[in-house]
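Here is what each chain is made of, one letter per residue.
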Amino acid sequence: MSQHDRTFAITFVGVLGFLVVLAVVFYFIANSVVKTGGSAGENTQATQIADENIKPVGAVTVADQSGASAASAGPRSGAEVYNAVCMACHGTGAAGAPKVGDKAAWAPRHAQGIDTLNSNAINGIRAMPPKGTCGDCSDDELKGAVAYMLNESGFKVTVAAAPAAAAPAAASADAGKQIYDASCMACHSTGAAGAPKVGDKAAWAPRIAQGVDTLVNHAINGIRAMPPKGTCMSCSDDDLKAAVSYMVNESK
Ligand code: HEC
Ligand code: HEC
């Protein structure tokens with residue numbers, strides 16, 4: 001090799017090496033831009049949209065959930081029971097269990113009707129053990145788990161609030177009685193402080209004549225010796241309405 005060739009070779013290798021290093025640097029820069037930059041954002045967005053799209057139609061809030069978490073001794077929610085007990089088979093498909101999320105597997109079962117599914121979950125069927133092995137699960141807890149599983153598999157299932165759920169949501173007679181027993185009875189069954197006694201038609205007739213709206217309004221805001229909300233500070237207006245209708249119905 002001549003001196004000239006040697007110089008050329010050294011320069012050539014040097015330039016080549018520099019280009020390789022540059023390529024590597026660009027590679028890492030490009031990589032980090034992809035990971036942290038705009039396209040990563042799009043990715044998350046795309047994932048979110050996909051998640052949104054594959055979400056079960058009409059996911060259902062089980063009415064007893066808030067009650068269950070408020071009172072630790074209350075019934076477990078469908079999700080809690082499922083995660084603790086049912087997932088072992090229904091998350092994996094073990095023993096031939098229909099997998100949660102597999103809509104096709106659940107469709108013919110769902111078609112049997114929720115009552116049949118509940119009863120099969122409670123009593124067992126073929127390889128499905130009675131109560132799904134959850135010996136201390138109440139029927140309502142199992143129904144909650146079935147509803148949860150169906151909802152997670154793309155079906156729309158509503159569950160009636162478990163009876164143990166303390167806070168009555170609806171203005172039903174039952175809810176009204178519960179609130180009355182808990183908050184109003186102290187005065188209204190004894191006549192304490194001059195409260196009109198429930199069942200005393202004569203005492204209630206002129207009050208009922210004011211109209212239920214006025215009575216509810218007085219129950220919410222208080223009137224004379226009747227304290228606001230009858231001292232039930234956690235009662236919603238609907239709760240009070242339910243209690244008033246209960247009291248009125250019992251006193252007509
Ligand atoms: C040891 C495994 C196992 C556990 C644990 C289990 N399952 Fe199952 N489950 C099965 C199998 C297997 C089937 C399919 C039975 C068949 O149709 O042959 C099934 C089917 C069902 C069905 C459909 C019944 C029908 O009529 O098609 C429901 C509902 C169900 N399980 C609810 C539950 C609930 C709720 C729990 C938890 C409390 C639970 N399972 C826990 C194995 C299990
Ligand atoms: C501390 C005692 C006390 C409690 C607890 C109480 N009340 Fe009363 N309530 C009264 C008294 C006293 C009156 C009569 C007020 C008056 O007309 O002077 C009354 C009157 C009423 C009236 C009639 C108001 C009217 O316009 O005539 C309604 C309705 C009522 N209470 C609802 C309730 C409800 C619902 C609760 C429970 C959430 C409740 N009360 C709890 C003492 C009580």
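See the structure shown above.
Residues numbered from 1 in each chain as written. Chains lettered and ligands numbered in written order. Predicted model: local features only at pLDDT ≥ 70, side-chain atom pairs only at ≥ 80, totals over all residues. Heavy atoms only, no water.

Engineer: Is there a simple way to explain the overall build of the chain in this structure?
Structural biologist: The helix and strand tally for the chain stands at 11 helices and zero strands. Put simply, the chain runs from its N terminus to its C terminus through helices and strands in the order α-α-α-α-α-α-α-α-α-α-α. Burial statistics for the chain: of 252 residues in total, 27% are counted as buried. Counting only contacts in the chain whose residues sit at least 6 apart along the sequence, the fraction spanning at least 24 positions is 55%. Carbon and sulfur atoms make up 61% of the accessible area of the chain, which totals about 15,400 Å². (Helix = DSSP H or I, 4+ residues; strand = E, 2+ residues; numbered from the N terminus. Buried < 20%, exposed > 50% of the residue type's maximum accessible area, 1.4 Å probe, protein only. Contact = heavy atoms within 4.5 Å. Areas by Shrake-Rupley, 256 points an atom, 1.4 Å probe, with all protein chains shown as cover.)

Engineer: Honestly, the state of the cysteines in this entry has me stumped. Any pointers?
Structural biologist: Each disulfide consists of one covalent bond between the sulfur atoms belonging to two cysteines. This model, assessed by the stated rule, comprises two disulfides. Covalently, C232 is tied to C235 through a disulfide, its sulfur atoms 2.1 Å apart. Linking C232 and C235, the disulfide has an S-S dihedral of approximately 80° and is accordingly described as right-handed. C235 carries the same exposure label as C232, and that label is buried. Taken N- to C-terminal, the disulfide-bonded cysteines of the chain are connected 1-2, 3-4. (Disulfide = S-S within 2.5 Å.)

Engineer: I tried to follow the nonpolar core on my own but got confused; where do I start?
Structural biologist: General note: in soluble globular proteins, nonpolar side chains tend to be found buried as a group. One finds C86 and L150 to be the most contacted residues of the largest nonpolar core, which totals 20 residues. Among the elements of the structure, α4 (78-90), α6 (114-123) and α7 (139-152) are those that each provide at least two residues to this core. Broken down by element, this core gets its largest block of residues, seven residues, from α7. The contacts of L150, once residues within four sequence positions are left out, are W106, H110, I114, L117, F155 and V157. Within the second largest apolar cluster, 16 residues are counted, among which are Y180, V216, A219 and V244. (Core = buried A, V, L, I, M, F, W, Y, C linked by side-chain atoms within 4.5 Å.)

Engineer: What's the story with the packing of aromatic side chains in this structure? I'm lost.
Structural biologist: The description of an aromatic ring pair uses the distance of the two centres, along with the angle that the planes make with each other. With the rule as written, the count across this model stands at two aromatic pairs. For the pair Y82 and Y148, a centre-to-centre distance of 5.4 Å together with 45° between the ring planes defines the contact as tilted. Here Y82 is found in helix α4, whereas its partner Y148 is found in helix α7, with 66 residues between them in sequence. Here Y82 falls in the buried class, since its relative accessible area comes to 6%. Ring centres of Y180 and Y246 lie 5.4 Å apart, and the angle between their planes is 45°; this geometry places the pair in the tilted category. With Y180 in helix α8 (residues 173-188) and Y246 in helix α11 (residues 237-251), this pair connects stretches of sequence that are 66 residues apart. Of the two residues, Y180 and Y246, neither departs from the other in class, the shared state being buried. (Phe/Tyr/Trp six-rings, centres within 6.5 Å; stacked < 30°, edge-to-face > 60°.)

Engineer: It is not clear to me how the site of ligand 2 should be interpreted in this structure. Could you clarify?
Structural biologist: Within the structure, ligand 2 sits among 25 residues, and C184, C187, H188, H218 and M226 are positioned closest to it. One nitrogen or oxygen atom from the side chain of H188 is found 2.8 Å from a nitrogen atom belonging to ligand 2. For ligand 2, an oxygen atom lies 2.4 Å from a polar atom in the side chain of H218. In the shell around ligand 2, the residues fall into 16 nonpolar, six polar and three charged. (Near = heavy atom within 4 Å. Polar contact = N/O pair within 3.5 Å; in protein donor to acceptor, adjacent residues only side chain to side chain. Nonpolar A, V, L, I, M, F, W, Y, C, P; charged D, E, K, R; others polar.)

Engineer: Quick question: what am I supposed to make of the coordination of the iron atom of ligand 1 here?
Structural biologist: By definition of the ideal shapes, a tetrahedral metal site with four donors has angles of 109.5 degrees and an octahedral site with six donors has angles of 90 or 180 degrees. Here the iron atom of ligand 1 is held by H90 (NE2) and M128 (SD), and the distances to it run 2.0 Å. Relative to the metal, the six donor atoms surrounding the iron atom of ligand 1 lie at angles of 89 to 179°, and the coordination shape comes out octahedral. Within this pair, whereas H90 is found in helix α4, its partner M128 is found in the loop between α6 and α7, the two being separated by 38 residues in sequence. (Donors = N, O, S within 2.8 Å, 3.2 Å for Na, K, Ca; no water. Tetrahedral: all angles 85-135°; square planar, octahedral: opposite > 155°, others 65-115°.)

Engineer: Looking at this structure, how should I read the pattern of salt bridges?
Structural biologist: Close approach of charged atoms lets side chains of opposite charge pair. Taken as a whole and assessed by the stated rule, the structure comprises three salt bridges. Residues D136 and R76 are paired through a salt bridge, measuring 3.6 Å at the closest nitrogen-oxygen approach. With D136 in the loop between α6 and α7 and R76 in the loop between α3 (65-70) and α4, this residue pair connects regions lying 60 residues apart in the sequence. By relative accessible area, which is 59% here, D136 ends up exposed. (Salt bridge = Lys/Arg side-chain N within 4 Å of Asp/Glu carboxyl O.)

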